[in-house]
Amino acid sequence: MTALTGDATGDVDKQLQLTAIARSGYGRPYRIYQPRNLAFWVYWLIMAAGVVRLLENLAPGAPVLTTALVAGVIVFALYTVPFWLIISHVDRFRSVPVKVRVLAFLWGGIGATFGLAIAANDPIRSIYTKLYGQAFALDWSAALTAPFTEEIGKAAGFVLILLLAPRVVRTAFDGAIIGAFIGLGFQVFEDLLYAVSAAAGAFGAEQGPAVVQTIVMRAATGIASHTVFSAIFCMGLVWLIGRPDEPRRIGRGLALMVGAMALHGVWDCAAALSHGTIVGVIGVWILVPIVMFTLLVMGLRRAAEPERAWVRAILTPEVDRGVLTGPELAAVSGTGRERKAFLKATGDRAARQRAGHVLTAAGELAEQIAEDGGRETPATAFARSEVARLR
Amino acid sequence: MTDAATRHHRDPVPREERDDWVPVDRRILGLDRRTLLPALGILVLAFLYATVVPAIDRSIDYDDPVAAGEVLVLKAGVTVDPPDGWNLVSGLRETDATTSGIKGTDAVFGSGTMILSMHATDFSGSVDALLDEAAERSEGMNRAAGMRLTGERHEIYSTAGTRGVIEKFTEPNREGFLAAFVDDGTAVTITAAGLPGDVIADNADVEATLGSIRFERQEAGE
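The structure displayed is predicted, hence computed values, not measured ones. (Residues numbered from 1 in each chain as written. Chains lettered and ligands numbered in written order. Predicted model: local features only at pLDDT ≥ 70, side-chain atom pairs only at ≥ 80, totals over all residues. Heavy atoms only, no water.)

Draft legend 1. Layout of the overall build of chain B. Summing up its helical and strand segments, chain B has six helices and 12 strands in all. Taking 222 residues into account, the globule formula puts the C-alpha radius of gyration at 17 Å, and chain B, at 28 Å, lies well above it. When its C-alpha atoms are laid out on the principal axes, chain B stretches across 90 × 50 × 45 Å. The buried share of chain B, reckoned over its 222 residues, is 42%. Counted over contacts in chain B with a minimum sequence separation of 6, partners at least 24 positions apart contribute 49%. Approximately 11,900 Å² of chain B is accessible, and the part contributed by carbon and sulfur atoms is 53%. (Helix = DSSP H or I, 4+ residues; strand = E, 2+ residues; numbered from the N terminus. Rg over C-alpha atoms; globule rule 2.2 N^0.38 Å. Buried < 20%, exposed > 50% of the residue type's maximum accessible area, 1.4 Å probe, protein only. Contact = heavy atoms within 4.5 Å. Areas by Shrake-Rupley, 256 points an atom, 1.4 Å probe, with all protein chains shown as cover.)

In structure tokens form, the structure reads like this:
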């Protein structure tokens, strides 16, 4: 009787595992070349337009602004690395494949920045000048332009990626991760453009310092800007439109999208809002990141729920097999806080480190199981053996 | 490891689950009909950004003539008097009050085809070195437009006595000059260009404008 019950539970768990693999899209290979998908052609068409405009912007100055260009490219390439790693760390369920991350980053850097936003930003700011005068435009035009043109431009790439990889983009969490990569690309390429523009406006020995100053300022303040704005905006967009496994939440979605745009706007008119006082500007620079990260963390906590449930379902049969314990399963599929609490409870530093390795290996086991479609393969057996070895 | 043991791992994704497969009855002109509307929507957005928004901007007439006695601020303490009646494309008048407390910015103003652009910046070298660099940079960045500097450089002085230098350039359809003034670590660079007839006609106005550039000492303003 017991055996029968055990088998029945195992069958149910296995079924739930297979369902979770199918619905999560984990481990699915992604094909870049999709000629039957109009989104594929639109994505690359706008990217091509972006490359042309990128060259138009940077090429004329390249022979005479070499220092700025080379310094900018090197520094911002290095600047990308920690942010890429941080976003990858947040995506601990590895729900977004590398190819999709790269597509998102490139869209942010070339498609959204040069293919879309740059074409509209100057004319819109010019319209503000014509309608409301020079002083108004200096104070407010950036804040009344960029949040709309840039957030929508970045989100356009997310929509294209959603159309190209509907089986991969399943949840608001995926929206946040892809949005973050789009925002990171936007941030890096926009900063490069600013650095070269700063060098073009500076003369003599000042070319170097002007670039350094721009790089330092943009790098310091950039932590708070496009990457997080887009993560919040695209997360909200998924809730606004809904997905098969992400019920539509119009209010929540709109609140996040409007919130991201509002924060972007406040950030861009910090000087005017604070009437030019240094204290006021610093206040905005502190307040906006606090509100922004609060929104992001609150959103991610909700957005990660389906991802956590899928990981739990994928690894539950491993508890039945004795590969993982119940608390380990709860930790690997839990919130960051639950994971930390689990590690803390394991004892001394060595035990915590060992438990951390086990959880990481368990995460990789979940990936392997998903990649192999829940079938028993040597690769899955190896991933399982790694969990045992690290224990 | 046998083929049988590894076969599952190497199995291709079933055709019906591949990203690039679309059932025949879901295609229009070979394209997945489910992607048509949203992808076209993005294309329309790109068209709006690249074509419609600039067209709206161009359709709005802009006339902001400079009145007699108006002064433009290029940077805190650096001013210029643009010619009366010229159109201010961008720039900040002394009487303009910004909420952000910005005191000055680059100025662009013009008359007919003649456009003057002025930019103030910190610069610790000599005015000749500044123009050398401005000339090299402008020529480098406008090579495609056929810009050629004449190589003849002249001294000019503002009415306040600040020494500047000026060098003319030509392009296939326009001509103009680059000029620079430096005063105690602050510089103003000027680019002027227009059709040859306008350059001659506006010569007196342009000379007066260059002469009106003033660098106020920080301590004098305080």
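There is more to say, and it comes next.
Draft legend 2. Layout of the interface of chain A and chain B. Listed per partner, the contact involves 65 residues of chain A and 62 residues of chain B. Note on chain A versus chain B: buried area summed over both sides is about 5,000 Å², and carbon and sulfur give 64% of it. Scanning the region where chain A abuts chain B turns up two salt bridges. Arginine 31 of chain A is paired through a salt bridge with aspartate 20 of chain B; the nearest N and O atoms lie 3.7 Å apart. If you look at where chain A meets chain B, you find 13 residue pairs in polar contact (both at pLDDT 80 or more). Top element by residues in the side of chain A that touches chain B is helix H4 (residues 98-132) of chain A. It accounts for 10 residues. By residue class, the composition of the side of chain A that touches chain B is 38 nonpolar, 15 polar and 12 charged. (Buried area = accessible area lost by both parts, 1.4 Å probe. Salt bridge = Lys/Arg side-chain N within 4 Å of Asp/Glu carboxyl O. Polar contact = N/O pair within 3.5 Å; in protein donor to acceptor, adjacent residues only side chain to side chain. Nonpolar A, V, L, I, M, F, W, Y, C, P; charged D, E, K, R; others polar.)

Draft legend 3. Quick peek at helix H3 (residues 127-141) of chain B. The end-to-end C-alpha distance of H3 of chain B is 21 Å, a good match for the 21 Å that 15 residues give at a rise of 1.5 Å each. When H3 of chain B is considered as a whole, its buried residues turn out to be Val127, Leu130, Leu131, Glu133, Ala134, Ala135, Arg137, Ser138 and Gly140 of chain B. (Expected span 1.5 Å × (residues − 1).)

Draft legend 4. Geometry of the pairing of strand S11 (residues 186-194) of chain B. Residues and elements named next belong to chain B. With eight of nine residues buried, S11 is to be regarded as a mostly interior element. Of the pairings in the sheet, the one linking strand S7 (residues 114-122) to S11 comprises eight bridges and is antiparallel in character. Note that in S11 the partner of leucine 116 across the bridge is alanine 192. In this structure, strand S10 (residues 175-183) lies alongside S11, joined through nine bridges in antiparallel fashion. Considered in S11, the bridge of phenylalanine 181 is made with valine 188. Counting the residues between successive antiparallel strands, the hairpin from S10 to S11 contains two residues, one of them, aspartate 184, with a positive phi of roughly 50°. (Pairing = 2+ DSSP bridges.)

Draft legend 5. Structural context of the confidence of the model for chain B. All names here are of chain B. In the predicted model, chain B carries a mean pLDDT of 87, and the fraction of residues at 70 or more is 92%. When the elements of chain B are averaged for pLDDT, helix H1 (residues 3-10) gives the smallest value, 43, and helix H2 (residues 33-59) the largest, 97. Predicted confidence is poor over residues 1-10, with pLDDT under 50, and the contacts of this stretch with residues over four places away or in other chains come to 13 contacts. Per-residue pLDDT stays below 50 along residues 218-222; that stretch engages in zero contacts with residues further than four places along the chain or on separate chains. Complex prediction metrics read pTM 0.90 and ipTM 0.90. (pLDDT = per-residue confidence, 0-100.)

Draft legend 6. Representation of the sheet that holds strand S4 (residues 78-80) of chain B within the structure. Residue and element names in this part refer to chain B. The sheet built from three strands is open, its strands ordered S3-S4-S12 with antiparallel pairing. Edge positions in the sheet fall to strand S3 (72-75) and strand S12 (214-215), since each of these pairs with one other strand and no more. Two elements, S4 and S12, share two bridges in a ladder whose sense is antiparallel. Pairing of valine 78 across the sheet is with phenylalanine 215, part of S12.

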